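Read off the chains here:
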Amino acid sequence: MTQPLVSVVLPTKDRPEMLRRAVRSVLDQEYAPLELHVVDDGSKTPAHTAIADLPTETLTHCEVHRHDTNRGGNAARRTGIEAADGEFVAFLDDDDEWLPEKTTRQVAALTDTEDAGVAYTANRQLLADGQTQSIHRPGPGGDIAERILYGNYIGGFSVVMMEADLFDQVGYPDAQFP
C-alpha cells in the first residue's frame, strides 16, 4: 500500500540556524513520502542559502518560496498550503523541531480514525541548555471545537497535521493575525 504524501509547511524569517535545525528534523523523519515547502517571509539573506547544503533530495519534493517583504507567519503558512500537494499538511515553525516518529504517528492517527481530520501532539519547550522548561499535553481528542473556542487548546502550529481538503471547508490561517 502506498503511503499518503505529507506536505510540510515551514515559515521562516531571518533565523538561518534555527531553519537548518528544523529542516534536519524533517529529513530525520521515519515517515515517507514527505515534501517540504519552506516559506521565506522576507529574510534579509534568502532562506534557500541556509539550507542549500542539506540533503533535501531525499524528500519527494523541496521548494523554497519567497515573500519579498515580511507578510507575517499566517500569510507564509498560506503560501505553503497553496503550494502543497500532499493529502496531509503538517506545520513546522523554524524555531521548532520534530522527533523522528512524529509524522508516522500522526498519519496513523488520521488514517486509522474514520472521522479524524486533525491530529496534534504534545510539545516540550526547552531552555537554551537543553533542559525542559515545560510540557504541554492537550487532553483527549474527539470533538474539540468548543475547547478551541475558549483558548489555545492544542498549542502551536508545529504540533498540527491535518487533511489538506479541510482548508476548503474551514479556510486558511488568517493573515490579519501575524
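Per chain, residues are indexed from 1 in the order of the written sequence. Totals for whole chains, interfaces and linings use every residue, but because this is a predicted model, local features are given only for residues with pLDDT of at least 70 and side-chain atom pairs only at 80 or more, for both listing and counting. Side-chain calculation: all heavy atoms of the structure are included, whereas hydrogens and water are not.

Peer 1: Just checking my understanding: could you explain the pairing of strand β2 (residues 34-41) for this structure?
Peer 2: The two faces of the sheet receive side chains in turn, since in a regular strand these alternate between them. For β2, a buried count of eight out of eight residues is recorded, marking the element as mostly surrounded by other parts of the structure. Burial along β2 is two-sided: Leu-34, Leu-36, Val-38 and Asp-40 facing one way and Glu-35, His-37, Val-39 and Asp-41 facing the other are all buried. At least two bridges found by DSSP between two strands is the condition for calling them paired. Each helix is a run of DSSP H or I of at least 4 residues and each strand a run of E of at least 2, with the numbering of both proceeding from the N terminus. Bridge count between strand β1 (residues 6-12) and β2: seven bridges; the pairing is parallel. Pairing of Val-9 across the sheet is with His-37, part of β2. Traced from β1 through helix α1 (residues 16-27) to β2, the parallel crossover comes out right-handed. Strand direction decides the pairing type here: β2 and strand β3 (residues 61-67), joined by seven bridges, are parallel. Across the sheet, Val-38 pairs through a bridge with Val-64, a residue of β3. Exposure is judged per residue with a 1.4 Å probe applied to protein chains only, and the accessible area is read against the type maximum: over 50% gives exposed, under 20% gives buried, and values in between give partly exposed. For a crossover, the right-handed case is the one in which the path from the first strand over the helix to the second runs clockwise, viewed with the strands pointing away from the viewer.

Peer 1: Teacher, can you tell me more about the sheet that holds β3 here?
Peer 2: Strand pairing in a sheet is mediated by backbone hydrogen bonds. Such pairs are either parallel or antiparallel. Spatially, β3-β2-β1-β4-β8-β5 is the arrangement adopted by the six strands of the open sheet, whose pairing is mixed. Edge positions in the sheet fall to β3 and β5 (118-120), since each of these pairs with one other strand and no more. Taking the axes of each pair of neighbouring strands and ignoring which way they run, one obtains an average angle of 20° across the sheet. In this description, contact between two residues means that some pair of their heavy atoms is separated by no more than 4.5 Å. Structural elements are reduced to axes, namely lines fitted to C-alpha atoms, with helices fitted over the stretch in contact, and the angle between N-to-C directions of any two is expressed from 0 to 180 degrees. Sheet contacts for helix α4 (residues 102-112): β1, β2, β4 (88-91), β5 and β8 (160-163); angle to β8, the most-contacted strand, approximately 40°.

Peer 1: Is there a simple way to explain the packing of aromatic side chains in this structure?
Peer 2: Aromatic ring pairs: the centre-centre distance and the angle between the two ring planes describe each pair. Two rings from Phe, Tyr or Trp (for Trp, the six-membered ring) form a pair when their centres are within 6.5 Å of each other. A pair whose planes differ by under 30 degrees is stacked, one over 60 is edge-to-face, and the rest are tilted. Following the criterion strictly, the structure yields two aromatic pairs and no others. Consider the rings of Phe-91 and Phe-167, whose centres lie 6.4 Å apart with planes at 80°: the pair is edge-to-face. One end of the pair, Phe-91, is in strand β4; the other, Phe-167, is in helix α6 (residues 166-170), and 76 residues separate them in sequence. Accessibility assignment for this pair places Phe-91 and Phe-167 in one class, buried.

Peer 1: Explanation requested: helix α3 (residues 73-83) in the structure shown.
Peer 2: Residues three or four positions apart in an α-helix share a direction because the helix packs 3.6 residues into each turn. For α3, the tally of buried residues reaches eight of eleven residues, placing the bulk of the element in the interior. By the burial criterion, the buried members of α3 are Gly-73, Asn-74, Ala-75, Ala-76, Arg-77, Thr-79, Gly-80 and Ile-81.

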